[in-house]
Amino acid sequence: LIKKVQAEAGKEKMVFDFHLDDEIKIKSVAYLEEKAPEVMYNSPKILKADRLAVKAKLSEMLNDYLISLGIEVEADRKKYLELVDKIVKKTTSKFILEKNQRLDGRAMDEIRKLVAEVDLLPHNHGSSLFMRGETQVLSTVTLGAPGDFQMVETMEDEGKKTYFHHYNFPPYATGETGRVGSTGRREIGHGALAEKALVPVLPAKIDFPYTIRNVSEVLGSNGSSSMASACASTLSLMAAGVPLKKPVAGIAIGLASEEDSAGNFTKYKVFTDLQDVEDGDGGMDFKVTGTRDGITALQMDTKTHGLTAEIMIEAFAQAKAGRLKIIDLIESVIPTHRAKLAESAPCIFTMKINPDKIRDVIGSGGKIINEIIAQTGASIDIEDDGSIFITAENAESADRAKVWIDSLTKEVEVGEVYDGKVIKIMDFGAFIEVLPKQEGLLHVSEISNTRVANVSDVLKEGEMIKVKVIKKDPGGKFSLSAKALLPRPEFKKE
């Protein structure tokens, strides 16, 4: 269908080029290809600043060379200087393919230096710092009430979202200045990837009813900050006491390759933990996140015509090895999630009631539930299946709300004893309210161990009396006894 539309309405692709003089361009490329190796590989270029210095040096050398070719106008020379970045990436790939040599001196399966910390920020519910080389991410966790969920309504899905990951990439992360504005495509995409990486290991709502907001602040970036965000998020979530099923880590796998005119690979090398200059033509950026046991998320962009099964097998194998190394580091810093939440985290009590009782908790126009919230300071979220989540700043407040709701919804059971209130007196007995809006019959024969001629002689409306539930029918009606709680009379033998 796409090809049909293209044939009928499509336009020829625009060809973008430097629009440079072919002869000068050819000479410039040849000059850079000759000079780049000696400038780039005279020592390991570990820091991003080292690699920028390489580009600056080659740009300076090419500028002088262009002057020697008679190009005296600076604006004209500037056009050719754009070739430097491409040649640096091409040379980087060539050395990986032909010499197994990376610009920073690492082996093909080697990860840059790893650093992990937790509890950096004293007032957050959870915080961490994760570094891989110069890529550095600060992660924070905020725990909220179940009612703090985000409602999602899209063409694909709708529902409540109780875990969301936000990713911020300010200009200073790459050593630049600039306006910090609204979230862009990059932030949304990287945040979504890190979020997807963690969702499979989050606890069930019944076990951990909190709404969780995870934020990754990229403090420095030099390759795969999204994978660093996934690692930092695991650390901060565990530090916050979120019972993850298993820790998650992520790593980016790169590729250097050459293809023939038919798009078949003539050479390729897969390597772990790629960075800026290693992602050139014939490369890929393959991000893999997962636990010790499996993968949770994948993302790839590639500058090839396709990938073979052999390349993918190698990439997955290297990704697993790298992932396990990072998980080892995570578990050395925090072996499992904290058993106790931060003191500043809200308290949540979970309870389940009969769905038919929901209206008793809410009341007409929300009168009852609003009164509970006002009196206890707790927030209350009720779901259609009868699940109730009580969130409060402290356990005392949450417990008061729980007791209140219990009194409104608890159903009497045979054998339970209550302090009941006499609501109405009849000839055959009295109706006793043992729980709000729950009344049972105390038959005249169950009032005392001695015969009662008139119920009104021993009971008064509004009076409190201790009773025991002795019978309950399928419809919910129940019978009470005060006599069952009295000492049995002694009979004297004559």
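This report concerns the structure included in the present document. (Residues numbered from 1 in each chain as written. Predicted model: local features only at pLDDT ≥ 70, side-chain atom pairs only at ≥ 80, totals over all residues. Heavy atoms only, no water.)

## Considering the overall build of the chain
No. 1: In terms of regular secondary structure, the chain is built from 12 helices and 19 strands.
No. 2: Relative to a compact globule of 494 residues, whose C-alpha radius of gyration would be 23 Å, the chain shows 36 Å and is clearly more extended.
No. 3: Projected onto its principal axes, the C-alpha positions of the chain cover 135 × 55 × 45 Å.
No. 4: Scored against the burial criterion, the 494 residues of the chain give a buried share of 42%.
No. 5: Within the chain, counting contacts between residues at least 6 apart in sequence, those at least 24 apart form 68% of the total.
No. 6: Carbon and sulfur atoms make up 52% of the accessible area of the chain, which amounts to about 27300 Å² in all. (Helix = DSSP H or I, 4+ residues; strand = E, 2+ residues; numbered from the N terminus. Rg over C-alpha atoms; globule rule 2.2 N^0.38 Å. Buried < 20%, exposed > 50% of the residue type's maximum accessible area, 1.4 Å probe, protein only. Contact = heavy atoms within 4.5 Å. Areas by Shrake-Rupley, 256 points an atom, 1.4 Å probe, with all protein chains shown as cover.)

## Observations concerning the pattern of salt bridges
No. 1: Evaluation of the coordinates by the stated rule reveals 22 salt bridges.
No. 2: Note that Lys55 is salt-bridged to Asp85, the shortest N-O span being 2.7 Å. Of this pair, Lys55 sits in helix H3 (residues 48-68) while Asp85 sits in helix H5 (residues 83-99), and the two are 30 residues apart along the sequence.
No. 3: Residue Arg112 is joined to Asp273 by a salt bridge in which the shortest nitrogen-to-oxygen separation is 2.8 Å. (Salt bridge = Lys/Arg side-chain N within 4 Å of Asp/Glu carboxyl O.)

## Quick word on the sheet that holds strand E3 (residues 135-144)
No. 1: Spatially, the five strands line up as an open sheet ordered E1-E2-E3-E7-E6, and their pairing is mixed. The strands lining the two open edges of the sheet, one partner per strand, are strand E1 (114-118) and strand E6 (163-168). On average, adjacent strands in this sheet sit at an angle of 15° to one another, irrespective of strand direction.
No. 2: Summarising the sheet, E3 and strand E7 (residues 211-220) pair through nine bridges and their orientation is antiparallel. Across the sheet, residue Gly144 finds its bridge partner in E7, namely Thr211.
No. 3: Running at roughly 145° to strand E2 (residues 126-132), helix H7 (residues 225-239) makes contact with E1, E2, E3, E6 and E7 of the sheet. (Pairing = 2+ DSSP bridges. Axes fitted to C-alpha atoms, helices over the stretch in contact; angles between N-to-C directions.)

## Observations regarding the sheet that holds strand E9 (residues 265-272)
No. 1: Pairing is antiparallel in the open sheet, where four strands are placed in the order E9-E8-E10-E11. The strands lining the two open edges of the sheet, one partner per strand, are E9 and strand E11 (295-302). The average undirected angle you get between the axes of adjacent strands in this sheet is 15°.
No. 2: Sheet topology places strand E8 (residues 249-259) next to strand E10 (residues 284-290); six bridges connect them, and they run antiparallel. Looking at the pairing, Ala249 lines up with Gly290 of E10.
No. 3: Each of E10 and E11 touches helix H6 (residues 185-198); the most contacted strand, E11, lies at about 150° to it.

## Re a negative patch on the surface
No. 1: Residues Glu153, Glu156, Asp157 and Glu158 make up a contiguous surface patch of negative charge.
No. 2: In this fold, Glu153 is placed in strand E4 (residues 150-153).
No. 3: With a relative accessible area of 65%, Glu153 lands in the exposed category. (Patch = residues over 30% accessible without salt bridge, like charges linked within 9 Å, V, L, I, M, F, W, Y side chains within 5 Å. Lys, Arg positive; Asp, Glu negative; His and termini not counted. Charge placed at Lys NZ, Arg CZ, Asp CG, Glu CD.)

## Notes on the pairing of strand E18 (residues 464-472)
No. 1: Inspection of the sheet shows strand E15 (residues 417-426) paired to E18 by five bridges, in the antiparallel sense. If you follow Tyr418 over to E18, its bridge partner there is Val467.
No. 2: Pairing of E18 with strand E19 (residues 478-481) involves four bridges; the strand directions are antiparallel. For Lys471, the partnering residue across the bridge sits in E19 and is Ser479.
No. 3: The turn linking E18 back onto E19 is made up of five residues, and Gly476 within it adopts a positive phi angle of 100°.

## Observations regarding the side chain of Glu195
No. 1: Assignment of secondary structure puts Glu195 in helix H6.
No. 2: A distance of 2.9 Å separates a polar atom in the side chain of Glu195 from the backbone nitrogen of His165.
No. 3: With sequence-adjacent residues up to four places away left out, Glu195 is seen in contact with Lys161, Tyr163, Phe164 and His165. (Polar contact = N/O pair within 3.5 Å; in protein donor to acceptor, adjacent residues only side chain to side chain.)

## A few points about helix H8 (residues 309-333)
No. 1: Taking 1.5 Å per residue, 25 residues should reach 36 Å; H8 reaches 36 Å between its end C-alpha atoms and fits that length.
No. 2: Buried within H8 are the following residues: Ile311, Ala315, Gln318, Ala319, Gly322, Arg323, Ile326, Ile327 and Ile330. (Expected span 1.5 Å × (residues − 1).)

## Comments concerning unusual backbone geometry
No. 1: The backbone of Asp119 sits at a positive phi, close to 60°, despite the residue not being glycine.
No. 2: The topology assignment puts Asp119 in the loop between E1 and E2.
No. 3: Even without being glycine, Asp273 reaches a positive phi, approximately 60°.
No. 4: Given a relative accessible area of 0%, Asp273 falls into the buried group.

## Observations concerning helix H10 (residues 367-376)
No. 1: Along H10, the positions that sit buried rather than exposed are Ile368, Ile369, Ile372 and Thr376. Down the axis, H10 shows its buried residues gathered within 100° of arc, on one side only. Among the exposed residues of H10, those pointing more than 90 degrees away from its buried face are Lys367 and Ala374.
No. 2: Immediately beyond the C-terminal end of H10, within one or two residues, lies Gly377, with a positive phi of roughly 80°. (Arc of directions from axis to C-beta.)

## Here's the deal with the packing of H3 against helix H4 (residues 74-81)
No. 1: In the contact formed by H3 and H4, the axes pass within 10 Å of each other and the chain directions differ by 130°. Regarding the angle of H3 to H4, the classification is oblique. Like other packed secondary-structure pairs, H3 and H4 cross with a definite hand, here right-handed. Packed against H3, whose contacting residues are Ser59, Leu62, Asn63, Leu66 and Ile67, the element H4 presents Arg77, Tyr80 and Leu81 at the interface. (Parallel < 35°, antiparallel > 145°, perpendicular 65-115°, else oblique. Left-handed = near helix turned anticlockwise from the far one by under 90°.)

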